[in-house]
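Remarks on the overall topology
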Amino acid sequence: MTTLLDPPLPIVAEPGRTPIATVTTSTLDREAIRTALATHGALLLRGLDVATAADVAAVADALGVVPMRERERFASRRDLGGGVHSGSEWPHDEPMCMHHELSYAAEVPATAVFGCLTAPADGGATAVADSQEVLRALPAEVVEPFRRLGWLLKRAYHEVGVAWTEAFGADDTAAVDAYCAANAVQAEWLPDGRLHTRQRRAAVITHPVTGEEVWFNQAAFLNGRTLDPMIREYLVAMYGEDGLPFDTAYGDGTPVPEDVVETINAAYRAATRREPWQRGDVLLVDNLRTAHSREPYTGDREIAVVLGDPVRLPGHVLGH
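The following paragraphs examine the structure supplied in this document. Numbering of residues begins from 1 in every chain and follows the order in which that chain's sequence is written. Given that this is a predicted model, residues contribute local features only at a pLDDT of at least 70 and side-chain atom pairs are listed and counted only at 80 or more, while totals for whole chains, interfaces and linings are drawn from all residues. Only hydrogens and water are set aside when side-chain values are computed; all heavy atoms of the structure are taken into account.

**What about the layout of surface pockets?**
Vacant regions in the atomic arrangement are exposed by a probe of water-molecule size rolled over the atoms. Every definition here rests on a 1 Å grid over the protein atoms only: cavities are sets of points where a 1.4 Å probe fits but cannot get out, pockets are open sets enclosed by protein on both sides within 12 Å along at least five of seven lines, and lining residues have some atom within 4 Å of a point. Grid points are joined across faces, edges and corners, and a volume is the space filled by probe spheres set on the points. The computed volume of the largest pocket comes to approximately 630 Å³. As for the largest pocket, its lining consists of 23 residues, of which W90, P91, E94, L227 and F246 are closest to the centre. For the lining of the largest pocket, the elements supplying multiple residues, two or more each, are β9 (151–157) and α7 (229–239). In DSSP terms, a helix is any run of H or I states spanning at least four residues, a strand is any run of E spanning at least two, and both are numbered starting from the N terminus. For the lining of the largest pocket, the leading source of residues is β9, giving 3 residues. Partitioning the lining of the largest pocket into residue classes produces 16 nonpolar, 3 polar and 4 charged. Note that Gly is not counted as nonpolar here; it falls among the polar residues with everything else outside the nonpolar set of Ala, Val, Leu, Ile, Met, Phe, Trp, Tyr, Cys and Pro and the charged set of Asp, Glu, Lys and Arg.

**Quick notes on the packing of aromatic side chains**
Here is the rule: rings of Phe, Tyr and Trp (six-membered ring for Trp) pair when centre to centre is within 6.5 Å. Planes less than 30 degrees apart are stacked, more than 60 are edge-to-face, and the remainder are tilted. Counted under the stated rule, the structure contains 8 aromatic pairs. Ring centres of F74 and F221 lie 5.3 Å apart, and the angle between their planes is 80 degrees; on these two criteria the pair is classed as edge-to-face. Residue F74 is located in the loop between α2 (53–62) and β3 (79–81), and its partner F221 is located in the loop between β13 (213–215) and α7; the two are separated by 147 residues in the primary sequence. Of the two residues, F74 and F221, both sit in the buried class. Their ring planes at 55 degrees and their centres at 5.6 Å tell us that Y157 and F168 sit as a pair that is tilted. Here the residue Y157 occupies a position in strand β9, and F168 occupies one in helix α5 (residues 164–168), the gap between them amounting to 11 residues. Each member of the pair Y157 and F168 is classed as buried. Three or more aromatic residues joined by ring pairs form one cluster here, namely F74, W90 and F221. Think of it in three bands: with a 1.4 Å probe and only protein chains considered, a residue is buried below 20% of the maximum accessible area for its type, exposed above 50%, and partly exposed in between.

**Observations concerning unusual backbone geometry**
Here L102, not a glycine, exhibits a phi torsion of approximately 60 degrees, which is positive. If you trace the backbone, L102 turns up in the loop between β5 (96–99) and β6 (108–118). Overall, the relative accessible area of 2% leaves L102 in the buried class. Positive phi values are uncommon outside glycine, yet D309 reaches one of about 55 degrees.

**Thoughts on the pairing of strand β11 (residues 195–201)**
Summarising burial for β11: 6 of the 7 residues are buried, a large majority. Whether two strands pair comes down to DSSP finding at least two bridges between them. One ladder, built from 7 bridges, connects β9 with β11; its direction is antiparallel. Following the sheet pairing, L153 is matched in β11 by Q199. In terms of strand pairing, strand β10 (residues 186–189) meets β11 through 4 bridges, oriented antiparallel.

**Overview of the pairing of strand β2 (residues 42–45)**
Along β2, one buried face is formed by A42 and L44 and the opposite face, lined by L43 and L45, is buried too. Pairing of β2 with strand β16 (residues 282–286), which is carried by 4 bridges, proceeds in the antiparallel orientation. Residue pairing across strands places L44 opposite L283, the latter belonging to β16.

**A short note on the sheet that holds β11**
One open sheet holds the 4 strands; their spatial order is β10-β11-β9-β14, and the pairing between them is antiparallel. Each having just a single partner strand, β10 and β14 (246–250) make up the two edges of the open sheet. Along the sheet, successive strands turn relative to each other by an average axial angle of 15 degrees, direction set aside. When β9 meets β14, the two strands line up antiparallel, connected through 5 bridges. Looking at the pairing, L152 lines up with A249 of β14. With axes taken as lines fitted to C-alpha atoms, and helix axes fitted only over the stretch in contact, angles between N-to-C directions fall between 0 and 180 degrees.

**Regarding helix α6 (residues 173–182)**
Buried within α6 are the following residues: V176, Y179 and C180. Down the axis of α6, the buried set is contained in an arc of 95 degrees. They therefore lie on one face. Exposed residues pointing more than 90 degrees away from the buried face of α6 are listed as A174, A181 and A182. Looking one or two places after α6, you find A184, whose phi comes out positive at around 55 degrees. Relevant arc is that of directions from the helix axis to the C-beta atoms, nothing else.

**Brief notes about helix α1 (residues 30–40)**
Every buried residue of α1 is accounted for by I33, A36 and L37. Buried residues in α1, looked at end-on, bunch into an arc of 100 degrees, giving them a common side. For this analysis, residues touch if any pair of their heavy atoms sits within 4.5 Å. The secondary structure elements touched by the buried residues of α1 are β2, β6 and β16. Note on α1: the residue one or two positions beyond its end, G41, has a positive phi of about 90 degrees.

**Some remarks on the environment of Q132**
Position of Q132 relative to the elements: it lies in helix α3 (residues 131–137). Sequence-wise, Q132 and R289 are 157 residues apart; in three dimensions their C-alpha atoms are separated by 6.7 Å. Dropping the residues within four chain positions of it, Q132 is found in contact with T210, E212, E213, V214 and R289.

**Description of the nonpolar core**
The nonpolar core is taken to be a set of buried Ala, Val, Leu, Ile, Met, Phe, Trp, Tyr and Cys residues, with the residues joined through side-chain atoms within 4.5 Å. F114, L138, F146, W215, I264 and Y268 are the most contacted members of the largest nonpolar core, which has 59 residues in total. With 6 residues, helix α8 (residues 258–271) is the largest single contributor of residues to this core. If we skip the residues at most four places from it in the chain, I264 touches L138, V142, F146, W215 and A220. Of all hydrophobic cores here, the second largest spans 21 residues; its members include A36, L48, A304 and V306.

Bear in mind that shape data such as this cannot, by itself, settle questions of function.
Quick look at the structure:
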């Protein structure tokens, strides 16, 4: 296999350079691609020339990626049909920090498929970071409380951020309560109809295929300190300290210090690798091992996404 990046993440495969990617979806070598993804954690297929959401769905199907229904999303997406959605709707001039899709859910996607339908004029890369590398880089004093206590995600659904109806794919409170009860999410409905949720998850998991330990959480990305200070101050004034759209803590509810958040983000930055998008690219990500981000961009950018291969990880869901 030809490695185009150093360190080699993501591996870039394209016709004429490797035996993995071929020009048509129908001739993809599923076994070879799946093996490469398991080995490296991220794989960019170049030369497939996907142009529509249906093309991305066809690639996912050819690779045996089983789409899953996304619940508890933290940013809006558009449904493109066939198990395909748009990328998260996020301001184009702001970065989306490193994260694993749905690392706070009870059922998480093991695989993410990103297809580039329109490449941005500048920037906008979906960068990746090996979370095994991140875990090795983090100081023991940072990891220890997370390993012992897990991490806590607190969300408040109101006028700011994703509405609970979109996040849970339901329009009645009973359906949300049933989902939360089945997935170890504490739900509290306020008198004015707002919803607050809390859930505790492991911050370090064992990869079910490789057996390696992985830093698997969004404790830094979804921490309230990552919000613009002026926006955070406004939201606290409007809704109180518990009214931020999202915030994180150690699993016992103790706040995560600002320097710990910065240490985690610094480890991600050091592990970040990127390959600029070209129209027609397909990026495969082992969502359990590999975090991803989205860089600011100019011009149009259209990425179609399939979240698939749902799995419930032993020891991931922790008691309240």
